[in-house]
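# Residue-level structural notes
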Amino acid sequence: MAPVLVGHQGLLAGERIPILDTRVTFGRNSDNTVVISSLSVSRFHAEIVFDENEGYVLHDCGSSNGTQVNGEDVESRLLQSGDEITMGDQEFRFEVADAMETLMALSLPRSVTHGAEEGESGPVLRVTVAGGGPVGLSFALLLEHFLGPQAQITVYDGRWRKQGRAILWKGQDEGNVRRQQVVTVQSRQYLAWPEEVRARLFDPQHYSEMWPSGPDSIGDHHPRNMRIAYIEDRLLELANEKRERIRLIPTRFDPAEQQDALAAQHVLAICDGGRSHTREHFAARFGKADESIYSLDGRHLQDVVLGLRVKSTLSDPMAVLLTVAQNRFLLNSLRGEGFLNMRLTDAELSEVIGIDPVRRVFEECIASRPCLMDRDEHGDFQCATHGTLFLPALIKGSSLWKRVHEGLRLFGVESEDLTAVTSFRLDMVQRPRFSAELMPATAGSPGTYGFLLGDAANAIHFWPGRGLNSGLASAISLARSLNGAWSGKAFRDADFLRHEAAMSMLQYRHKSRAWKAMVTSDDKGATWAIKDIIAHGIDAADDLDRDADTKALLERMRTLRERLAPRLPGMPDDEAILERLQTLEAATLRMLVLSGAWDTLTMGGEEVDIDIFYGQDSSAAAAAVEALEPAVQS
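Residues numbered from 1 in each chain as written. Predicted model: local features only at pLDDT ≥ 70, side-chain atom pairs only at ≥ 80, totals over all residues. Heavy atoms only, no water.

### Section: the overall build of the protein
Scanning the protein for helices and strands turns up 23 helices and 36 strands. Taken against the 2.2 N^0.38 rule, which gives 26 Å for 634 residues, the C-alpha radius of gyration of the protein at 27 Å falls within 12% of a compact globule. Across its three principal directions, the C-alpha atoms of the protein cover 95 × 60 × 55 Å. Across the 634 residues of the protein, 56% fall into the buried class. (Helix = DSSP H or I, 4+ residues; strand = E, 2+ residues; numbered from the N terminus. Rg over C-alpha atoms; globule rule 2.2 N^0.38 Å. Buried < 20%, exposed > 50% of the residue type's maximum accessible area, 1.4 Å probe, protein only.)

### Let's talk about the packing of aromatic side chains
For the structure on display, the rule yields 18 aromatic pairs. Relative to Trp-401, the ring of Phe-390 has its centre 5.8 Å away and its plane inclined at 65°; by these criteria the two rings are edge-to-face. Remark: Trp-401 occurs in helix α13 (residues 399-410) and Phe-390 occurs in strand β31 (residues 389-390); sequence separation between them is 11 residues. You'll find Phe-390 and Trp-401 in the same group, each marked buried. Three or more aromatic residues link up through ring pairs in this structure, and these residues are Tyr-449, Phe-451, Trp-486, Phe-491 and Phe-496. When the ring centre of Phe-202 is taken as origin, the NZ or CZ atom of Arg-224, which lies over that ring, is 4.5 Å away. (Phe/Tyr/Trp six-rings, centres within 6.5 Å; stacked < 30°, edge-to-face > 60°. Lys NZ or Arg CZ within 6 Å of the ring centre and 35° of its normal.)

### Considerations on the UniProt feature "domain: FHA" (unreviewed entry) in the protein
Per the UniProt record, the feature "domain: FHA" (unreviewed entry) sits at residues 24-74. Within residues 24-74, the helical portion is 0% and the strand portion 47%, while the C-alpha atoms at the span's ends are 17 Å from each other. (UniProt positions renumbered as here; feature names shortened; annotations may be inferred.)

### Details of the environment of Ser-415
Assignment of secondary structure puts Ser-415 in the loop between α13 and β32 (418-426). Sequence separation of Ser-415 and Leu-426 is 11 residues, and the distance between their C-alpha atoms is 27 Å. The contacts of Ser-415, once residues within four sequence positions are left out, are Arg-375 and His-405. (Contact = heavy atoms within 4.5 Å.)

### Examining helix α19 (residues 574-581)
Along α19, the residues that are buried comprise Ile-577, Arg-580 and Leu-581. Viewed along the axis of α19, the buried residues span an arc of 100°, placing them on a single side of the element. Turned more than 90 degrees away from the buried face of α19, the exposed residues are Glu-575 and Glu-579. In this structure, the buried side of α19 is in contact with α9 (316-324), α13, α18 (546-564) and α20 (586-595). (Arc of directions from axis to C-beta.)

### Describing the pairing of strand β14 (residues 125-130)
The buried fraction of β14 is high, at six of six residues. Here β14 shows a buried face lined by Leu-125, Val-127 and Val-129 and a second buried face lined by Arg-126, Thr-128 and Ala-130. With six bridges connecting them, β14 and strand β15 (residues 151-156) associate as parallel partners. By the bridge assignment for β15, Thr-128 is matched with Thr-154. (Pairing = 2+ DSSP bridges.)

### Regarding the pattern of salt bridges
Taken as a whole and judged by the stated rule, the model has 38 salt bridges. Of the charged contacts, one joins Arg-16 and Glu-95 as a salt bridge, the two residues approaching to 4.0 Å between their closest N and O atoms. A residue pair is termed long-range when its members are at least 10 positions apart, and Arg-16 in strand β2 (residues 16-18) and Glu-95 in strand β11 (residues 90-97) qualify at 79 residues. The partly exposed category is assigned to Arg-16, whose relative accessible area is 27%. Here Arg-23 makes a salt bridge to Glu-47, at a shortest N to O gap of 2.8 Å. (Salt bridge = Lys/Arg side-chain N within 4 Å of Asp/Glu carboxyl O.)

### Topic: the nonpolar core
In this structure, Leu-125, Phe-139, Ile-153, Leu-201, Leu-248, Leu-482 and Phe-491 are the most contacted members of the largest nonpolar core, which totals 81 residues. Beyond its immediate stretch of four places on either side in the chain, Ile-153 contacts Val-127, Val-129, Ala-140, Leu-143, Glu-144, Arg-245, Ile-246 and Arg-247. With 59 residues, the next largest nonpolar core counts Leu-306, Val-320, Leu-340 and Leu-426 among its residues. (Core = buried A, V, L, I, M, F, W, Y, C linked by side-chain atoms within 4.5 Å.)

### Let's talk about the side chain of Glu-144
Along the chain, Glu-144 turns up in helix α2 (residues 134-147). With near-sequence residues (within four places) excluded, Glu-144 lies in contact with Ile-153, Lys-242, Arg-245 and Ile-246.

### Topic: the sheet that holds β14
Strands pair in a sheet through their backbones, by hydrogen bonds, and they do so in one of two ways: parallel or antiparallel. Strands sit in the order β20-β15-β14-β21-β34-β33 across an open sheet of six strands; the sheet is mixed. With one partner strand each, in any of the chains shown, β20 (246-249) and β33 (435-439) form the two edges of the open sheet. Here the average twist between neighbouring strands, direction ignored, is 20°. Where strand β21 (residues 267-270) lies against strand β34 (residues 448-452), four bridges are found, and the strand directions are parallel. (Axes fitted to C-alpha atoms, helices over the stretch in contact; angles between N-to-C directions.)

### Concerning the packing of α2 against helix α5 (residues 228-240)
Geometry of a packed helix pair, given as the angle between the helix axes and the separation of the axes. Where α2 contacts α5, the axes come no closer than 9 Å and their chain directions differ by 30°. By the criterion of interaxial angle, the relationship of α2 to α5 is roughly parallel. The hand of the α2/α5 crossing is left-handed. On α5, the residues that touch Pro-134, Leu-137, Ser-138 and Leu-141 of α2 are Ile-228, Ile-231, Glu-232, Leu-235, Leu-236, Leu-238 and Ala-239. Partitioning the contact of α2 with α5 into residue classes produces nine nonpolar, one polar and one charged. (Parallel < 35°, antiparallel > 145°, perpendicular 65-115°, else oblique. Left-handed = near helix turned anticlockwise from the far one by under 90°. Nonpolar A, V, L, I, M, F, W, Y, C, P; charged D, E, K, R; others polar.)

### A short note on the sheet that holds strand β3 (residues 23-27)
Taken in spatial order, the five strands make up an open sheet running β4-β3-β5-β6-β9, and their pairing is mixed. Both outer strands of the open sheet, β4 (34-35) and β9 (76-78), are each paired with one neighbouring strand and no more. In the sheet, strand β5 (residues 46-51) pairs with strand β6 (residues 55-60) via six bridges, with the strands oriented antiparallel. Its bridge partner being in β6, Ile-48 is matched across the sheet by Leu-58.

### Description of the pairing of strand β18 (residues 182-185)
Across the two faces of β18 the burial is the same, with Val-182 and Thr-184 and Val-183 and Val-185 all buried. As paired strands, β18 and strand β19 (residues 224-227) are joined by four bridges and run antiparallel to one another. Considered in β19, the bridge of Thr-184 is made with Asn-225.

Spelled out as structure tokens, the structure:
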């Protein structure tokens, strides 16, 4: 009896491949016996060799993603009937067929690309996603929700690892520092998630409604604060459960190496961050980004923020009021635990360095990678990757470290509740386009379109809290466009007019808002970088009036309190505000006054509603509101 490989998942799903030769090879290269045009399969991935003494033996040929039998990594394994074989995102079952089954299998056509396959209800859309963070995974889950068996989605991320048949996030010991920062997800975005995603994410223990509802809220549904790592965990967990349509590859997508295999895909969604290697590979297709619009005096403006992992004792209303009343510190937290972000001056940035305690040399890992420095048992902040220590915390009398502690006092953080430091470099550019034909359709390929999503499209200053929201909106827009445009035929530029318009609106709205978080204007109309205003406040420490500055801050907070109180109960009274301000030195009070309050006229106002492009028939928001009401009330 001749053995047969039965395709269970991947490009050869449903096909029966008889093993008739003494050696059968598998891989992307056309010289293989079985050619698999999948980005996750190596050029020469594996082989099955018949041994007269043993039987059929599977050998891995040094593939990048490995070969598994029944979920276990193998280099060589004697196959038994019923064994499940995995090569990248392709799965087969090894079966023994009788003579009639073998003849039937030989009479069936066998395609080696997905183009000849049909889904249960139509032609299959083949999609590759570069980057498996919240945006990439949200896009994959949305598209699977819309198209069902008509979508085959492959997601790549080098921060993952394989454990059995599941894909998990690597830990810090594997070189992956998980993002514990708290993000504020607007209801306009989270209500567009499929119901099963919302049900998995919104465990009451893992989100809070710290910020009031506003122009970007649907109905009275408040924005929700959640940790990025928690969002990533739940989305990856869901994607693992949809292995028949979403393939997860624990490898960074390499556009140069996988160019040939990419030609078999209809869509490449580029979601691998603001420094996207994939976007740069296709830079000529998307056009040159313009830095000038976010420049002052011919200099591209950048902010660097010191991220302080803290636990605050303040109530959420007090933390919100203190945050929006000035532009030096921003607390984003979940029940008090999160990151207190401190905007740095250029002079302070020069102090953000680490020191190697063994080699006695300075390193810029915290400012340039960036790295997370956890507090060790000695109270020092140490980078687990490079072994460096945060220098300002070691220098007695460090002016930067003194100002860090002023921020801790403002937000009610005890010294021992500062547990880690990191940094973020923030800048913006204007992108000319977000969709592009990467490869034209040919007789043998469907034509591949590329799309920039998330930070790869619009890396945004997070001070106004819209970076992730913009990324999620971009994923929602593309999923809806593909849902409406997919017919089995080659795509055209015209299929993505609405998506391109939505992306341009997102760029205009969120970056215009974010620019106001980087600059301010004086009473003469001159534009200044806020970080330079802060530096001026530090330099003016010899001419201080504590009472006047305290009064100015109190009046500012009264105005903000009056505006926020109807939507955020529990706002602090004057006495509680003064108690906080009295903890600060006069120089800090002056610097906070000069930094200015958030530009709430720009932060609020008209929002980007992508439903205007797609209509209510493609939006689940209205139904989501109804479904969410009982959970909110309980």
